[in-house]
Amino acid sequence: LCGSSPPVRKTRTIAPSPATPVTHSTPSPSLPPAKRSALIVANTYSSSDPLPGCKTSAQKVKQAFESRGIVCQLEIDVSAQNLIKMVDEFTVKNADCEARLFYFSGHGGNEAFRIQTHGEALSEDLIMFEGNRGKLWEGGDFVIGEDGLHVFKDQILSSFAQDNQPAVHKILMFDCCRGESSKEMGAAKMKPFKLEIMRSKEANLKNIHYKNMVILNGTLPHQVAWCTSSGQGVTKFCSYLCSELSKPGGVNISALDEAINAGLEKDSAADSAGHRQMVEVTKRGISRPFIL
């Protein structure tokens with residue numbers, strides 16, 4: 001997340017068109033509200049490259065969710081291993097929900113590959129392999145635990161949808177950076193070797209595993225995210241998200257990105273340094289609208 005230098009790695013491992021307003025409609029009073037639950041995680045990284053505004057962002061999102069009847073679980077400063085464990089437990093505990101939501105605020109990034117065997121990352125751009133063999137796994141976007149270790153978003157998606165209930169809406173919001181630019185791989189010497197690129201287990205899951213899932217990324221690929229107040233305040237994504245949720249009536253999750261981007265496009269605050277942050281939404285197997 002912007003406002004500070006990128007965190008040290010500890011693992012080996014159009015502008016939008018004119019926005020369509022978010023639909024604000026009043027739910028039918030004849031139908032009782034179904035159970036909706038949210039897991040909200042914020043990491044502040046107090047020991048290195050701190051992001052104090054992430055905690056405030058998470059608290060504001062919690063208030064906004066609760067104002068719409070969503071039961072929230074707020075966790076602060078969570079390590080990588082505990083994050084996956086929390087998502088697993090949250091999914092099991094809320095198996096009977098109409099909808100499950102996840103919000104993360106903290107550091108994040110992107111890397112093309114994960115080193116699996118016989119290799120070592122010498123830098124962000126250079127990998128050294130031992131002998132004449134090497135194995136990499138597909139990489140992708142990741143979030144960073146409080147301990148500095150990476151958790152790939154695909155791992156979170158897999159845990160969040162582990163019970164394979166296609167009727168349940170699964171909404172994930174990642175309020176973090178997705179890197180700064182695409183990275184290239186190099187080699188110290190011109191020496192041939194055999195390299196295997198493996199698909200992760202998450203990539204091989206059946207499509208139904210991810211039915212009725214919406215993923216909201218706070219930035220476009222390889223873009224940094226920004227906080228208000230020169231990096232000390234809430235995130236810009238949080239600010240515009242909570243603004244939409246504070247409006248009367250229901251909020252159509254499928255149009256939420258357009259509404260937030262409309263605000264971000266007009267944002268000319270000095271702390272953004274001219275950077276045009278844009279939200280990206282991915283919808284998988286949506287069979288019916290979801291109204292917050």
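Quick notes on the rules
Residues numbered from 1 in each chain as written. Predicted model: local features only at pLDDT ≥ 70, side-chain atom pairs only at ≥ 80, totals over all residues. Heavy atoms only, no water. Core = buried A, V, L, I, M, F, W, Y, C linked by side-chain atoms within 4.5 Å. Buried < 20%, exposed > 50% of the residue type's maximum accessible area, 1.4 Å probe, protein only. Helix = DSSP H or I, 4+ residues; strand = E, 2+ residues; numbered from the N terminus. Pairing = 2+ DSSP bridges. Axes fitted to C-alpha atoms, helices over the stretch in contact; angles between N-to-C directions. Contact = heavy atoms within 4.5 Å. Parallel < 35°, antiparallel > 145°, perpendicular 65-115°, else oblique. Left-handed = near helix turned anticlockwise from the far one by under 90°. Nonpolar A, V, L, I, M, F, W, Y, C, P; charged D, E, K, R; others polar. Expected span 1.5 Å × (residues − 1). Arc of directions from axis to C-beta. Salt bridge = Lys/Arg side-chain N within 4 Å of Asp/Glu carboxyl O.

Novice: Help me understand the nonpolar core, please; the structure alone is not making it clear to me.
Specialist: Proteins that are soluble and globular tend to have nonpolar side chains buried together. If you look at the biggest cluster of nonpolar residues, it comprises 59 residues, and the most contacted ones within it are Phe65, Phe102, Ile156 and Met173. The greatest single-element share of this core, amounting to 6 residues, is contributed by helix α2 (residues 80-93).

Novice: For this particular structure, what's the right way to read the sheet that holds strand β2 (residues 36-42)?
Specialist: In a beta sheet, neighbouring strands are held together by backbone hydrogen bonds and run either parallel or antiparallel to one another. Strand order across the open sheet formed by 6 strands is β3-β2-β4-β10-β12-β14, with mixed pairing between neighbours. Strands with a single pairing partner mark the edges of an open sheet, and in this sheet they are β3 (71-76) and β14 (280-284). Taking the axes of each pair of neighbouring strands and ignoring which way they run, one obtains an average angle of 10 degrees across the sheet. Examined bridge by bridge, β2 and β3 share 6 bridges and lie parallel to one another. Paired with isoleucine 40 across the bridge in β3 is leucine 74. Against the sheet, helix α1 (residues 53-66) engages β2, β3, β4 (99-105) and β10 (169-175), with an angle of about 170 degrees to β2. Relative to the sheet, helix α3 (residues 153-160) contacts β4, β10, β12 (213-217) and β14, its axis offset from that of β10 by approximately 155 degrees.

Novice: Sorry, what's going on with the packing of α1 against helix α4 (residues 236-245) here?
Specialist: It is at 9 Å that the axes of α1 and α4 come closest, and there the two elements cross at 15 degrees. When the axes of α1 and α4 are compared, the pair comes out roughly parallel. Handedness of the crossing formed by α1 with α4: left-handed. From α1, Ser57, Lys60, Val61, Ala64 and Phe65 reach across to α4, where they touch Cys238, Leu241, Cys242 and Leu245. Across the contact of α1 with α4, the residue classes break down as 7 nonpolar, 1 polar and 1 charged.

Novice: Would you mind showing me how to read α4 here?
Specialist: Helical periodicity: at 3.6 residues per turn, an α-helix aligns residues three or four positions apart in one direction. The element α4 is largely enclosed, with a buried count of 7 among its 10 residues. Regarding α4, the residues found buried are Lys236, Phe237, Cys238, Leu241, Cys242, Glu244 and Leu245.

Novice: Any chance you could explain the pairing of β10 here in plain terms?
Specialist: For a regular strand, side chains alternate in direction, first toward one face of the sheet and then toward the other. For β10, the tally of buried residues reaches 7 of 7 residues, placing the bulk of the element in the interior. Covered by surrounding structure in β10 are His169, Ile171, Met173 and Asp175 together with Lys170, Leu172 and Phe174, the residues of both alternating faces. Here 7 bridges tie β4 to β10, and the two strands are oriented parallel to one another. Bridge pairing in β10 links tyrosine 103 to methionine 173.

Novice: Would you explain α1 in this entry?
Specialist: Between its terminal C-alpha atoms α1 stretches 20 Å, which fits the 20 Å expected from 14 residues at 1.5 Å a residue. Among the residues of α1, those classed as buried are Gly53, Cys54, Ser57, Ala58, Val61, Ala64 and Phe65. End-on, the buried residues of α1 take up no more than an arc of 135 degrees, which puts them together on one face. On its buried face, α1 is in contact with β2, β3, β4, β10 and α4.

Novice: Looking at this structure, how should I read unusual backbone geometry?
Specialist: Outside of glycine, negative phi angles account for most residues, and trans bonds account for most peptide bonds. You will see that aspartate 77, though not glycine, has its phi angle at about 55 degrees, which is positive. Along the polypeptide, aspartate 77 turns up in the loop between β3 and α2. With a relative accessible area of 33%, aspartate 77 lands in the partly exposed category. Residues other than glycine seldom take positive phi values, yet asparagine 212 does so here, at roughly 55 degrees. Mapping asparagine 212 onto the fold places it in the loop between β11 (194-198) and β12.

Novice: Please clarify how the pattern of salt bridges should be interpreted in this entry.
Specialist: When the charged atoms of two side chains lie near each other, side chains of opposite charge can form a pair. Tallied over the full model, the rule gives 8 salt bridges. Of the charged contacts in the structure, one is a salt bridge between arginine 178 and glutamate 280, with a shortest N-O distance of 2.7 Å. Of the two residues, arginine 178 is situated in the loop between β10 and β11 and glutamate 280 in strand β14; the sequence distance between them amounts to 102 residues. Residue classification places arginine 178 among the buried positions, given a relative accessible area of 7%. Between lysine 247 and glutamate 244 there is a salt bridge, with its nearest N and O atoms 3.1 Å apart. One salt-bridge network, held together by shared partners, links Asp141, Lys153, Arg178 and Glu280.

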